[in-house]
Structure formats: C-alpha cells, structure tokens
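Secondary and tertiary structure notes
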Amino acid sequence: MNERAAGGDEIAAATEHSPLLRIEDNSEIPDSFWKPGHSRSSTLTSSIASASINVPTVQKPGTILGIFFLLIFAFSVADAFKQIPMTRIFEDILCHDYYDKTPGSDAPIEEELCKVNTIQTNLAYLLAVLESLNSGVACLVALLWGIVADRVGRKPVLLVCLAGMLLSLVWVIVVGWFSYALSPQLVWISSLAHLCGGSPVLLACVYSILSDVVSESERSITFMRIHIISIVGNLASPALASAMMSSTGPWPPMLITPLLWIISLGLVAFIPETIHREPPDNDECQPVSFKTRAVQGILQLRESLSIIRIRSISLLLCIFFLSFPAIVCTLQFMIQFLSKRYHMRLGETGYIQSMYGVAHIAVVLIAIPSVSEMITKPSAPSWIRIDDKEKRDLVLVRWFYAASMTGAFILGISPSLSVFIVGLAVMSLGSISSSFIKSIAASHVDFEHRSRLFTIIGIVEVASNIWTMPALAGLFALGMKLGGGWIGLPYIGVSLTCLAMLVLSMFVRVPVAESDDEESPLDYELVTGIDE
C-alpha cells in the first residue's frame, strides 16, 4: 500500500495496479482472493491499461479544503432550501385537484383545508415515488460513474453530477409553475436527470477528493468537518425558507434554489483535479479494441464489487442499507408529518427542523467529546472504560443506534409537539453515526480506490432510499386510516430499523491498525475541538 509523506501534504503515487483491499484478517478472505506476493499485472485489466494515475502533490491543501467546505455548504443549503416550498406547492396543486378547481387559476387554497387524509396520502406517495425514482436511476449508473471518476478525474464527474441535479430541479419547477397544463405526476420525469450520477456519485466524489487532498491521519477529521458543515447548511435552510414563506409564499424561495445550485457549480471551478494521467511510454502504446475495453470495464466492476467478500464490510453495507429511514424521517417527510399531526402550517415546520440541527451540533461539539473523555479516563469503571480507540468508536456507534432507536420511538408515540421535540433531541444523539461508520469502512480499503468504495456505499444508501420513502408513505397512510395515535406508525418503523442496525453492529470487526498515526473523529474533538 502506498503511504503518504510524513508531512501529510504530499500524496504518494497511486495506480490502477494497486490492490483494492487491505487484508485485515486472512480468515475472512477466500483462498482465491488477492494475496501478498500475487501480482495482478498479468490480468487483462492491467495489461490493457493505457496509463497510470498519479495523485499530485497538493501545494496548498488548506486553501483547497476551504473552497471545498464552501462548496459543501452551498449545495447543502440548496438541497434543503427547496423541501418546504416544494411540499407546499404540490400540496396546493393536489388540493386544487381534490376540490375540483383548476390549479393556478385562482389564489392558493387555505392550507388547513388541504390536511384531509386523501390529499396528504397522495402528497406522501407523490414525493415518495419521486425520491425512489431519483434513487433508482442514480443507483443504476453510480458504479460506472465511480470508475470514470477514478480513471478520468473527480472534478469533471462532480460537475456532471451537479449539472444533473440542477436540471432535475428545473423540471420540478416547470411542472409546478405550469400545473394548470401539466399533471403533478410528470414531476417524476425529473429523475432522468439523475443519469448524470445523482447524490451517490456526488458524495463519492466529495469523499474521494478530500481523501486525495488530506493525509491519511486527517481523513476522519476531514469527514467530521464535512458532516458538520453539511449540518450547518441544513440548519440554516429550513428556518430561512420558513421565514421567507411567511411573507412571500412558496414560489420565491423555490425560485432561489436553482441560483444556489449555480453557485455550487461555480465553486467547483476553483477545485483542482486530484488525479492526472501520465502519458504511456511509446513502446507500451498499443491500440485497444472496443471489445477489450468492454472486458476491462467488466473486470473493474468485478474488482469493485469484490469488497463485499469481507464479512465486516458486508455487515457495514447492510447497516448502510437500513440507514436512510433515520435520516429521511427528519427531512422532507417530517415537514408533512408535523403539519398534519400537529396542525402546523408548512411554513412553520422549518423552525422545528432547525432546532434538530442545533441539537445535532450540540451533540458533536459537547456530548460526544464529553462521553469519549469519560470512557477513556483511567479512573472510569472497567465495564465502561475502552482503551483501544478503534473499538471505542465502534462501541460508540452502537450507543448511537440505541439513542436513535429510543428517539424514534418517542417521536412515534408523542401526543404533543413538545414531546416530539424531546424525541428529536434524543434522536440527535445518534445522528453522528454515519461519519464513524464511513471512517471504519474506509480503513478496510487502500486510499487510491476509495472513490469506488464510497460509490458502493452511496449505491447501498441510495438503494435504502428506494424503499424508505414508499415505506414511510405507506405507514403514514395506514396510520391516518387507523386514526388516533396510529399516525405515528412511520416513526415506530424507523425505531425498528435502528434496532436492526444495532444488532448488526454487534458483529462488525474493526480492521487491524497499521500505525498509530490515524486519528478517530473523537481524538480530534477531544484535543483540538471542531474548529482549529
């Protein structure tokens, strides 16, 4: 495995010939798997490779990270900003249809009249199918885009992803604006724009570029910072969108959203490409047929998918597959749920989302460092003291899932808004688990192939979203039909998925550390705090 320079700023050369997986335990690796001393240079993938990929030395990684953090913040704000106005726009369209009025022909119908079960059920399924189609289309092409990102470059793929998501949003706006002539179900066509990669490829590019820029020992720290910045973006957007909607209605904030995506596209121009191709030697240049390139692509797909043959990685992928309910239930779905159950205007629900964001940041900055310090003190009782940092992170992940399970259960049975907010506070204790799980997964794979690892993780998470939204919509419709406290049925389902993730995490093993240089997110928080 190629290691980074001691200073952390220089990044060693990485080639397509490097092993994809780090062997952590021979008992988990089949006999036919790549072993030390077994060269793959004789394989078709290696023999037809026309160039090697070098990760260049980064002259000013701090500047690059600063630009990248702005980019993360920009498209986090853009993605969250549209949720409330979009929900209200399509609720009003369905409301006009329910009351047999032509959409767009008169003023919006009073929002309280749109809370009948039929309208809310149709709205839930409309948004659920949209999310599932987005996820399904992106899932079909994500791994291919991951290979392109590793061989052609992260930056062009990132640009294509952002352009596709902007195009998808524009079509949603077109359907909503011309609702008097277009059926609201035509919004589903916007999913075709996710052939450009969608969210899994976008996130894979994000993590890959950051892994290229920062040193190995700072990887977990950087992932934590990205998570914090994303949460801050999601914290600011709902409250700002709610404030605008209260005075302007849903359309002005909805029309601002494309501008935010355009800003994100502009920021990408300032990010340097982190992989470059070296021209091959003249004596090695040979024409390659289309058939040979196709076989090469198939072999690379098999190489990428071979990671699931490690038991711990398979368990982590199962956890990622179950992870989206705990995320989605605090986003757009919660907007509709709060409005229906507690008779709130949609424009007021953004403040509740922002409160959840504040709780999340408090957990990262205060709760997690405090708990970590408590369980690592020599004076701590033996039954809670954990000296090994890798095992400590995994144990804390299990605690996070227990908190999410408890918080989701409180959300499901909460009789009032105040109890619901308490449930959100409890659930926020487990909201940081994704950063730890991704870091544990990344430690199994060499850094030069992490773009494909994160693409696989993105695919699994998107596959999770395919079933999550219809499942929540179905439970929501069933809960409204049953009436009473059964309306909280979706969050009871979320609680059960958190329980399943907790059980799976009990069987995950951390990889054997190669050195003592790599820090976990908790080490960083305890020593330096989030902001250096």
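The shown structure was predicted, so the numbers you read here are calculated from the model rather than taken from an experiment.

A count of helices and strands for the protein gives 19 helices and two strands. Scored against the burial criterion, the 532 residues of the protein give a buried share of 56%. A separation threshold of at least 6 residues defines the contact pool for the protein, and within that pool the share at least 24 residues apart is 82%. When the accessible area of the protein is evaluated, it comes to approximately 22,100 Å², of which 65% is carbon and sulfur surface.

For the rest of this paragraph, the subject is the pattern of salt bridges. Overall, the coordinates contain nine salt bridges when judged by the stated rule. In this structure, the salt-bridge partner of Arg88 is Glu111, at a minimum N-O distance of 3.9 Å. Residue Arg88 is found in helix α3 (residues 83–98), and its partner Glu111 is found in the loop between α3 and α4 (117–151); the two are separated by 23 residues along the sequence. No difference in accessibility class separates Arg88 from Glu111, as the two residues are buried. Glu91 is the salt-bridge partner of Lys115, the closest N and O atoms lying 2.8 Å from each other. Remark: Glu91 occurs in helix α3 and Lys115 occurs in the loop between α3 and α4; sequence separation between them is 24 residues.

What follows covers a nonpolar patch on the surface. A cluster of nonpolar side chains, contributed by Leu496, Leu499, Val503, Met506 and Phe507, occupies part of the molecular surface with about 490 Å² of accessible area. Here Leu496 shows up in helix α18 (residues 489–505). Accessibility expressed as a relative area gives 53% for Leu496, which makes it exposed.

Now for the state of the cysteines. Enumeration over the complete set of coordinates arrives at one disulfide. Put simply, Cys95 and Cys114 are joined by a disulfide, and their sulfur atoms are 2.3 Å apart. Across the disulfide from Cys95 to Cys114, rotation about the S-S bond amounts to roughly -95°, and the bridge is consequently left-handed. Placement of Cys95 in helix α3 and of Cys114 in the loop between α3 and α4 is noted, with a sequence separation of 19 residues between them. Given the relative accessible area of 0%, Cys114 is considered buried. Of the cysteine sulfurs around Cys161, a residue in no disulfide, the closest is that of Cys205, at 5.3 Å.

This part takes up the side chain of Asn134. Note on placement: Asn134 falls in helix α4. A residue is classified by how much of its surface remains accessible, and Asn134, at 12% relative accessible area, is buried. Leave out the neighbours within four places in its chain, and Asn134 touches Ser190, Ser191 and His194.

We now examine the packing of α3 against helix α8 (residues 251–268). The interhelical angle for the contact between α3 and α8, taken along N-to-C directions, is 125°, at an axis separation of 8 Å. One element, α3, and the other, α8, form an angle in the oblique class. Crossing of α3 against α8: the hand is left-handed. Contacts between α3 and α8 pair Pro85, Met86 and Ile89 from the former with Trp251, Pro253 and Met254 from the latter. Classifying every residue of the contact of α3 with α8 gives six nonpolar, no polar and no charged.

Before going further, it helps to spend a moment on the packing of α3 against helix α5 (residues 154–177). Where α3 meets α5, the axes come as close as 10 Å, and the angle between the chain directions of the two elements is 35°. As for how α3 packs across α5, the hand of that crossing is left-handed. Each of Met86, Ile89, Phe90 and Ile93 in α3 lies in contact with α5, whose residues at this interface are Val172, Val175 and Gly176. Each residue belonging to the contact of α3 with α5 can be placed in one class, and the counts come to six nonpolar, one polar and no charged.

On to the packing of aromatic side chains. Applying the stated criterion across every chain, the model contains 14 aromatic pairs. Aromatic ring contacts, followed pair by pair, group Phe333, Phe337, Tyr342, Phe420, Phe476 and Tyr491 into a single cluster.

Bringing helix α15 (residues 417–428) into the picture now. With 12 residues, α15 should reach 16 Å at 1.5 Å per residue; the first-to-last C-alpha distance of 16 Å fits that figure. Of all the positions in α15, only Phe420, Gly423, Leu424, Met427 and Ser428 are classed as buried. All buried residues of α15 fall inside an arc of 140° around its axis, so they share one side.

Below, the discussion takes up unusual backbone geometry. Of note in the backbone geometry, His343 takes a positive phi value of approximately 55° without being a glycine. Tracing the chain through its elements places His343 in the loop between α12 (332–341) and α13 (349–376).

Another point: the nonpolar core. The nonpolar side chains of a soluble globular protein tend to be buried, and buried together. Grouped together as the largest cluster of nonpolar side chains are 127 residues, with contacts concentrated most on Leu71, Phe90, Leu316 and Phe420. Per-element accounting of this core gives the leading share, 12 residues, to helix α2 (residues 61–81). Excluding anything up to four places from it in sequence, Leu316 contacts Ile437, Ile440, Ala441 and Val508.

About the cut-offs
Residues numbered from 1 in each chain as written. Predicted model: local features only at pLDDT ≥ 70, side-chain atom pairs only at ≥ 80, totals over all residues. Heavy atoms only, no water. Helix = DSSP H or I, 4+ residues; strand = E, 2+ residues; numbered from the N terminus. Buried < 20%, exposed > 50% of the residue type's maximum accessible area, 1.4 Å probe, protein only. Contact = heavy atoms within 4.5 Å. Areas by Shrake-Rupley, 256 points an atom, 1.4 Å probe, with all protein chains shown as cover. Salt bridge = Lys/Arg side-chain N within 4 Å of Asp/Glu carboxyl O. Patch = residues over 30% accessible without salt bridge, like charges linked within 9 Å, V, L, I, M, F, W, Y side chains within 5 Å. Disulfide = S-S within 2.5 Å. Axes fitted to C-alpha atoms, helices over the stretch in contact; angles between N-to-C directions. Parallel < 35°, antiparallel > 145°, perpendicular 65-115°, else oblique. Left-handed = near helix turned anticlockwise from the far one by under 90°. Nonpolar A, V, L, I, M, F, W, Y, C, P; charged D, E, K, R; others polar. Phe/Tyr/Trp six-rings, centres within 6.5 Å; stacked < 30°, edge-to-face > 60°. Expected span 1.5 Å × (residues − 1). Arc of directions from axis to C-beta. Core = buried A, V, L, I, M, F, W, Y, C linked by side-chain atoms within 4.5 Å.

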